[in-house]
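# Report on the structure
For reference, the chains in residue letters:
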Amino acid sequence: MLNRLVFALTAFCLFAGTAAAQTKPILMVYTYGSFAGKYGPGKAVKERFEAKCNCELNWITAEDAGSLLGRLRLEGKDTKADVVLGLDMNLAAEAKSSDLFAPHGLELKNLSLPITWASDTFIPFDWGYLAFVYDSTKLPEPPKGLKELVENPNGPKIVLQDPRTSAPGLGFLLWMQKVYGDQSDKAWAQLKPRIVTFTKGWSEAYGLFLKGEADMVMSYTTSPAYHVMIEKKNQYKAAPFAEGHYLHIEIAGMTQTTKQPELAKAFMNFILSDDFQSAMPEGNWMMPVKATSKELPQAFRDAIQPSTALLFTPEEVQKNRRSFTDRWLNATAQ
Amino acid sequence: MLLIDQCRLTWPDFSADYSLKVEDGALCALIGSSGGGKTTLLHLIAGFETPQSGTLTFRGSDLLPLQPSQRPVAIVFQDHNLFPHLSVARNVALGLRPSLRLEKAEWALVSEMLEAVGLTGYDHRKPGEMSGGQRQRVALARAMVSKRPIILLDEPFSSLDPQLRRSMIQLVDELRKRQSITVIMSIHTPEEVADVAEQMVLIDHGRVIQAGSPPEVLRTFHSRSSTAPDLPV
Amino acid sequence: MRFRRPHPGSLVAVAIVALLAAGFFALLRAGGHEASFLSIGPYLLRLLLFSLAQAGLSMVLSLALGSALALALARRNFPGKDILLSALGTTMIMPAIVAVFAVFTVYGRNGWLAEILKALGWPGDINIFGYPGILIAHVFLNAPFVAKIILDALHLIPAEQWRLASALGFSSGQIFRHLDWPVFRAELPGLASLVFLLCFKSFAIVLALGGGPSRATLEVAIYEALKVDLDFARAAWIALIQVAICLTATLALHGVLARPPVATTSRTTISRPDAPNPPLMILDGFVLTAGLLFIAPLALSIFTGLGHITAVLDEDLLFALLTSLAIAAMASTLACSLALALGAAVRTHRVGFGSPRWAAVFDLIPNALLAVPPFALTAGLFLLIRPFVDSAVGGLILLPVVNGLGALPFAYRYVAPRLLLAEERYGRLSSSLGLTGLTRAQIVDWPLLRRPLGSAFALAAALSFGDFGIIALFGGPELRTLPYLLYERLGAYRFEEASAIGLLILFVAFMLAHMSGRWSHAPD
């Protein structure tokens, strides 16, 4: 036992030490765990970028977008990050006000986003709509709109994420807000009996849904594509809602403190290139922000195409999030 | 008379076969190297071990079918004789009635017994507040108060210093004479009981090597230990 | 007043407290834009009351089931018991999400229980959201651990006392009163506060099984402040409130059930005289059956991951395993050293200086650590060391430190009583022989401590092994642990692979618990 521990310890130290001994310039990119994980697009992105840049790309990861920004704030001006990849629109204002990000200086043309992109600090790297995912073998007739879901007392049971701890959770809160405005607390109260629970993160909610605890789960329009392409299961569908869907855009930015701005900028450019974008659909299960030379997989082309994109600006989110959350709390925490 | 006749006990790594007679009212000292089977013999008499064969009788009646608590025997161990959460008096009272629901006269008996072992007024102390010698005296009082005709002492004083040990042995001797109790005691330092014991028994490898008067058994003991030194641990 | 040279353990205690205080202070100062004083609104207040209620109930139920199981297991022997005992030490380290899924697999709307009931013709719908679900999960995680700790302690009752019990003819009630109960009295206060604190801050479980934001814990607010508001000062304030409440609860529990002096030996027990008692046989049969019926399905549901094991066996996994083990070993070493130092300080204060008050204060430190949210502590400590070290190195340093501090309360439960025991047994002897310092440690303490230290090490390692906590902040390709890998797979829709990794984590923890059990039960 002891021998094995010593071995593991040595292996660990050796491994930790190797990071320091490099000659090529190293680009440090902060991202969230599953992006750089085994099934994430991280490996492909790293290989493709390194083939061009004569540099080394190192992923540094935190659990999710919130942790990413939290870590960045903790490190402040000492951060080693050159680029941060994986924040979302709802954190953008908070991130910008930290004064850690530099203007990207890129011209953003031909983006295939449902909105026009205005930020000079962040660039989008993938996107998707929030949507309720359901199992069509168990729920043959899903609601056709948010109002139908909210107002039908015999409607399906749903599982949501806590908006205080989860990105899609916050997204759905904003969605409700967009559709119901000042009446959102009433809507929440109406919906409440059919909410199974609010989980800490997306994973718990999706897992609960797969275990059959709820008829529908808050996720993304692209989620069914995973089941089709990897599991060859066609029964999972995203329900199109008449009022439109809330938009989820993932963003990247380069830091002010980077010691290799050229390289960082090259990577920012690379994010918008075909090499990066083509890795998004099957790597991150999200839509690319630019049409890629390779056609989108069929399952993505089959994804529902909402007619209306709902979105608060980052500044609106920053300003109102607390009051929205409080309203939600008052309506649901009885 | 306590009669042990060809009591056999076997374990994977040890076997024992005891035959021994102890007269009523005697002080019988068990000596021999550690691991030789002294404690096993005491446990056999107390009922903690059951022999595969052989007989064990006291004054003609068979002890083997009896549970430890039904046997005419009280026991004192080298250590851990007292329950630390109970006062001294209650620890002694356990010997009379484990329910601790004692009548006045019985509590008086407990105090009397504490007096007899030289612990007058210690009734309400907790074992943790006492010295090792005092604790063993409490255990002795409990063994005495139960009025069992046989008391087994398993190395009761070996953690005490020699002087204290000697006075404790004196105490045991006095008490057993006063109450005409049979005492069987295992001990590491045979010389210290030589002048009070009527009978000494040398035990090794789970067998009674010799039983007799202290001087002759001691001679055998020393001749054996000089060829195979076996220091007390 | 006479000046006393402080015991090194006291310095360790002071250092731990200082470290925590400095971490909090750093967080408060990093508040940044606006000075945010915390007002406890009605929601937070309600949250608090709910947290207290669910933690209290979870604690009572866990202790009740754990105690009953411990007694039944102490009295009965059956084939496979040692495997079962090792398994008992495993549930506690289960990553929260694995526990949540296990509860749903068994008790969910389409769970095993629902299937059985449906097959029997029961028309209703099972709904475990709210208290039932939370309590099921918490009791499942904690009761087996309680059972294991108490069982270990019961094994330390000296063989002589069992022989006395049979020689004096104790009834089964008297056996419980004079032999078992003193052990319970010694163990329950510490266990009670441990379980209470774990449930008080259990967060993913309460959210997933609670059924609504009225069922949440304070930790949610801390998490929100840290990760969404990025308002570190607010996080620190709420964390302080949490620590204060937890300390109060711990103090209250220690006050109700004061720790009596230990009087245990490390000898193995002989068979208990109350084993053949017929009513007890029925009771134990009932307890064991009920306990196993409750625990076994939840534990077995983890094995649904077995089918996907082959899909996760790759280089990543091997490296994550090694990383996890290395971090666990470092954290565990730290936890054990701190436990030793603190335990020695408690001993010195209680026995040497005769100041049991200080001893009691030191006794509280390990449990108080449980109340500190690891994420907040990590953030605070990181702010502290940032000026001095590279941030990547900072993560490497903090990981074992924070995990070690997290495992300290558990290691302490093993080590401290033995230190006190060594003192009670040989304290006078060693002072009369003039044994001090290292010599004394070597001759007196080490032989008694060797095994509990071994089991403390294994347990602390298992705990750190299953911990996700601070990896959330400082992950990365070079710092990928098994729990990290688990969450990474979940994020990529790979639920089956995540369940396989969950199974592997539990398997390693089981092996560690098994070794720990072998060490703590081996005769001295």
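About the cut-offs
- Residues numbered from 1 in each chain as written.
- Chains lettered and ligands numbered in written order.
- Predicted model: local features only at pLDDT ≥ 70, side-chain atom pairs only at ≥ 80, totals over all residues.
- Heavy atoms only, no water.
- Contact = heavy atoms within 4.5 Å.
- Buried area = accessible area lost by both parts, 1.4 Å probe.
- Salt bridge = Lys/Arg side-chain N within 4 Å of Asp/Glu carboxyl O.
- Polar contact = N/O pair within 3.5 Å; in protein donor to acceptor, adjacent residues only side chain to side chain.
- Helix = DSSP H or I, 4+ residues; strand = E, 2+ residues; numbered from the N terminus.
- Domains from an automatic or database assignment.
- Nonpolar A, V, L, I, M, F, W, Y, C, P; charged D, E, K, R; others polar.
- Buried < 20%, exposed > 50% of the residue type's maximum accessible area, 1.4 Å probe, protein only.
- Pairing = 2+ DSSP bridges.
- Expected span 1.5 Å × (residues − 1).
- Phe/Tyr/Trp six-rings, centres within 6.5 Å; stacked < 30°, edge-to-face > 60°.
- Lys NZ or Arg CZ within 6 Å of the ring centre and 35° of its normal.
- Disulfide = S-S within 2.5 Å.

### Concerning the interface of chain C and chain B
Each side of the interface is counted separately: chain C has 17 residues, and chain B has 22 residues. Between chain C and chain B the total buried area reaches about 1,900 Å² when both faces are included, carbon and sulfur atoms providing 64% of it. Inspection of the chain C/chain B interface yields 0 salt bridges. Our count for the chain C to chain B interface comes out at 5 residue pairs in polar contact (both at pLDDT 80 or more). Taken together, the elements giving at least two residues each to the side of chain C that touches chain B come down to helix H7 (159-168) and helix H8 (172-201) of chain C. The element that contributes the greatest number of residues to the side of chain C that touches chain B is H7(C), accounting for 7 residues.

### A few points about the domain arrangement of chain A
Residue and element names in this part refer to chain A. Split into domains, chain A comes out as domain 1 (10-127 + 248-301) and domain 2 (128-247 + 303-332). Here the C-alpha centre of domain 2 lies 27 Å away from the C-alpha centre of domain 1. Between domain 1 and domain 2, the contact holds 21 residues from the first and 25 residues from the second. In this assembly, domain 1 packs against domain 2 so that about 2,000 Å² is buried in total across both faces, 65% of it on carbon and sulfur atoms.

### Points about the arrangement of the chains
Most contacts, when the 2 pairs of chains in contact are compared, are made between chains A and C. The two units chain A and chain B remain apart, with a minimum C-alpha distance of 30 Å.

### Brief notes about the interface of chain C and chain A
Facing 77 residues of chain C, the contacting portion of chain A comprises 71 residues. Carbon and sulfur atoms make up 62% of the surface buried where chain C meets chain A, a total of about 6,600 Å² over both sides. The interface formed by chain C and chain A contains 3 salt bridges. Of the residues forming the side of chain C that touches chain A, the biggest block, 9 residues, is contributed by helix H14 (residues 315-352) of chain C. Of the residues in the side of chain C that touches chain A, the class split is 46 nonpolar, 14 polar and 17 charged.

### Some thoughts on the pairing of strand E3 (residues 83-88) of chain A
Residue and element names in this part refer to chain A. Of all 6 residues that make up E3, 6 are buried, and the element is covered over most of its length. Where strand E1 (residues 26-32) meets E3, 2 bridges bridge the pair, whose relative direction is parallel. Its bridge partner lying in E3, Val 29 is registered against Val 83. By the bridge criterion, 5 bridges tie E3 to strand E10 (residues 245-255) in an arrangement that is antiparallel.

### Comments concerning helix H19 (residues 482-491) of chain C
All names here are of chain C. Within H19, 9 of the 10 residues are buried, which leaves it mostly tucked inside the rest of the structure. Residues of H19 that are buried: Leu 482, Pro 483, Tyr 484, Leu 485, Leu 486, Tyr 487, Glu 488, Arg 489 and Leu 490. Tyr 493 lies just past H19 and shows a positive phi near 70 degrees.

### Examining the environment of A:Asp302
Residues and elements named next belong to chain A. Of note, Asp 302 is situated in the loop between helix H14 (298-301) and strand E12 (309-310). For Asp 302, a relative accessible area of 52% gives the class exposed. Between the alpha carbons of Asp 302 and Pro 224 there is a distance of 9.3 Å; along the sequence they are 78 residues apart.

### Quick look at helix H5 (residues 162-179) of chain B
Residues and elements named next belong to chain B. Taking 1.5 Å per residue as the helical rise, H5 with its 18 residues ought to reach 26 Å, and the 26 Å between its terminal C-alpha atoms agrees with that figure. Taken residue by residue, H5 has Arg 165, Met 168, Ile 169, Leu 171, Val 172, Asp 173, Leu 175 and Arg 176 as its buried positions. Where H5 terminates, the next one or two residues include Ser 180, which has phi positive at roughly 40 degrees.

### Focus on the domain arrangement of chain C
All names here are of chain C. Looking at the assigned domains, one finds that chain C contains domain 1 (1-33 + 313-524) and domain 2 (57-302). In this complex, domain 1 contributes 49 residues to the contact, which on the side of domain 2 involves 56 residues. For the pair domain 1 and domain 2, the summed buried area comes to about 4,500 Å², and 72% of that belongs to carbon and sulfur atoms. The tally of links from domain 1 across to domain 2 stands at 0 residue pairs in polar contact (both at pLDDT 80 or more).

### Some details on the packing of aromatic side chains
For the structure on display, the rule yields 42 aromatic pairs over all chains. Measuring from ring centre to ring centre gives 6.5 Å for A:Trp188 and A:Trp328, while their planes differ by 70 degrees; the resulting arrangement is edge-to-face. Here the residue A:Trp188 occupies a position in helix H8 (residues 184-191), and A:Trp328 occupies one in helix H15 (residues 314-332), the gap between them amounting to 140 residues. Since its relative accessible area comes to 2%, A:Trp188 is described here as buried. Taken together, the ring pairs connect A:Trp202, A:Tyr206, A:Phe209, A:Tyr226, A:Tyr236, A:Trp285, A:Phe300, C:Phe101, C:Tyr493 and C:Phe495 into an aromatic cluster. Taking the ring centre of A:Tyr39 as reference, the NZ or CZ of C:Arg494 above it sits at 3.8 Å.

### Focus on the pattern of salt bridges
For the structure shown, the criterion picks out 29 salt bridges over all chains. The partner of A:Asp275 in a salt bridge is A:Lys52, with the nearest N and O atoms 2.9 Å apart. Of this pair, A:Asp275 sits in helix H12 (residues 274-277) while A:Lys52 sits in helix H3 (residues 42-53), and the two are 223 residues apart along the sequence. For A:Asp275, a relative accessible area of 26% gives the class partly exposed. A:Lys52 gets classed as exposed once you look at its relative accessible area, which sits at 56%. Between B:Arg166 and B:Glu192 there is a salt bridge, and its shortest N-O distance comes to 3.5 Å. Of this pair, B:Arg166 sits in helix H5 while B:Glu192 sits in the loop between strand E8 (182-186) and strand E9 (199-204), placing them 26 residues apart in sequence. Note on B:Arg166: relative accessible area 45%, which makes it partly exposed. Here the salt bridges do not stand alone but share partners, grouping C:Arg75, C:Arg76, C:Asp180, C:Arg272, C:Asp274 and C:Asp284 into one network.

### Some details on the state of the cysteines
Defined simply, a disulfide is a covalent bond joining two cysteines at their sulfur atoms. Taken as a whole, this structure holds 1 disulfide over all chains when the rule is applied. Each sulfur in the disulfide pair A:Cys53 and A:Cys55 lies 2.0 Å from the other. In this structure the cystine formed by A:Cys53 and A:Cys55 twists about its S-S bond by roughly -85 degrees; its chirality is therefore left-handed. Side by side, A:Cys53 and A:Cys55 carry an identical accessibility label, which is buried. With no disulfide of its own, C:Cys199 lies 11 Å from the sulfur of C:Cys246, the closest cysteine sulfur. Look at C:Cys199 and you get buried, because its relative accessible area is 0%.

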